[in-house]
Amino acid sequence: MSTAGTTSDPFMQAAIAEARQGLAEGGIPIGSVLVRNGIILGRGHNRRVQDDDPVTHAEIDCLRRAGRIGSYRQTVLYSTLMPCYLCAGAVIQFGIGKVIAGESKTFGGARELLERHAVQVIDLANLECIALMEEFIHTHPQLWNEDIGED
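Residues numbered from 1 in each chain as written. Predicted model: local features only at pLDDT ≥ 70, side-chain atom pairs only at ≥ 80, totals over all residues. Heavy atoms only, no water.

S.K.: I'd like a description of the packing of aromatic side chains, backed by residues and values.
M.R.: Tallied over the entire structure, the rule returns 3 aromatic pairs. Note on Phe11 and Tyr78: the rings are 5.6 Å apart at their centroids and 50° apart in plane angle, and the pair reads as tilted. Linking Phe11 in helix α1 (residues 10-24) with Tyr78 in strand β3 (residues 75-79), this pair joins segments that are 67 residues apart in sequence. Relative accessible area serves as the criterion here: at 17%, Phe11 is assigned to the buried category. With a relative accessible area of 7%, Tyr78 lands in the buried category. Consider the rings of Phe107 and Trp144, whose centres lie 6.0 Å apart with planes at 90°: the pair is edge-to-face. Placement of Phe107 in the loop between β4 (98-101) and α5 (111-116) and of Trp144 in helix α7 (residues 141-147) is noted, with a sequence separation of 37 residues between them. We note that Phe107, like Trp144, is buried. (Phe/Tyr/Trp six-rings, centres within 6.5 Å; stacked < 30°, edge-to-face > 60°. Helix = DSSP H or I, 4+ residues; strand = E, 2+ residues; numbered from the N terminus. Buried < 20%, exposed > 50% of the residue type's maximum accessible area, 1.4 Å probe, protein only.)

Right, here's the structure in full:
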């Protein structure tokens, strides 16, 4: 499912704010929030550069910051970018049933893997998320290629 354009969804806006914070810190502008019953349980952003940690993707940072919450079955993970295989694996492992991605134009991610494991995936094709990543990729191609595992 794709809903092109922009969104006023407060949870995606919170994820975008996280992405912008990561960019302001000198990192990669990807943000994520974990939501259950309309409440944000955790928020995070890509901290690979800031923490010198190759696995601190936005979704992983978000889950770490949410802490132990018991069951993840009724949660929704918002991410400004379609989750990669690493982050998709965490979604599958914890039983998160729905992922709402800001966009997949700049990076296709692991949508098929998520869907094969019965995770509902919604791609908003959010113009703000696309512009944020396109500008970053244009400005920092080497850092971006490192992030997605390409040389």
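S.K.: Lay out the sheet that holds strand β5 (residues 120-123) with the relevant residues and their values.
M.R.: Taken together, 5 strands build an open sheet; the order of strands is β2-β1-β3-β4-β5 and the sheet is mixed. Each of the sheet's edge strands pairs with one partner strand only, and the pair in question is β2 (39-45) and β5. Each strand of the sheet is rotated relative to its neighbour by a mean of 15°, with strand direction disregarded. Both β4 and β5 contribute to a ladder of 4 bridges, which runs parallel. When the sheet's bridge partners are listed, Val99 is paired in β5 with Val121. In the packing of α1 onto the sheet, the strands contacted are β1 (31-36), β2, β3 and β4, and the crossing angle to β2 comes to about 25°. (Pairing = 2+ DSSP bridges. Axes fitted to C-alpha atoms, helices over the stretch in contact; angles between N-to-C directions. Contact = heavy atoms within 4.5 Å.)

S.K.: Lay out the pairing of β2 with the relevant residues and their values.
M.R.: Where β1 meets β2, 6 bridges bridge the pair, whose relative direction is antiparallel. Its bridge partner being in β2, Val33 is matched across the sheet by Arg43. Taking the residues between adjacent antiparallel strands as the criterion, β1 and β2 are bridged by 2 residues, where Asn37 takes a positive phi near 50°.

S.K.: Please provide a residue-by-residue account of the pairing of β1, values included.
M.R.: The buried fraction of β1 amounts to 5 of the 6 residues, a majority that puts the element mostly inside the structure. Summarising the sheet, β1 and β3 pair through 5 bridges and their orientation is antiparallel. Each residue of the ladder has a partner; that of Ser32, found in β3, is Ser79.

S.K.: Explain the pattern of salt bridges residue by residue, including any values.
M.R.: In the structure shown here, the tally under the stated rule is 7 salt bridges. Residues Arg20 and Glu128 are paired through a salt bridge, measuring 3.2 Å at the closest nitrogen-oxygen approach. Note that Arg20 is positioned in helix α1 and Glu128 in helix α6 (residues 127-139), a separation of 108 residues in sequence. Judged by its relative accessible area of 41%, Arg20 is partly exposed. Residue Arg48 pairs with Glu146 through a salt bridge whose shortest N-O separation is 3.4 Å. Of this pair, Arg48 sits in helix α2 (residues 48-51) while Glu146 sits in helix α7; the two residues are 98 residues apart in sequence, bridging distant segments of the chain. Relative accessible area serves as the criterion here: at 10%, Arg48 is assigned to the buried category. One continuous salt-bridge network, built from bridges that share partners, spans Arg47, Asp61 and Arg65. (Salt bridge = Lys/Arg side-chain N within 4 Å of Asp/Glu carboxyl O.)

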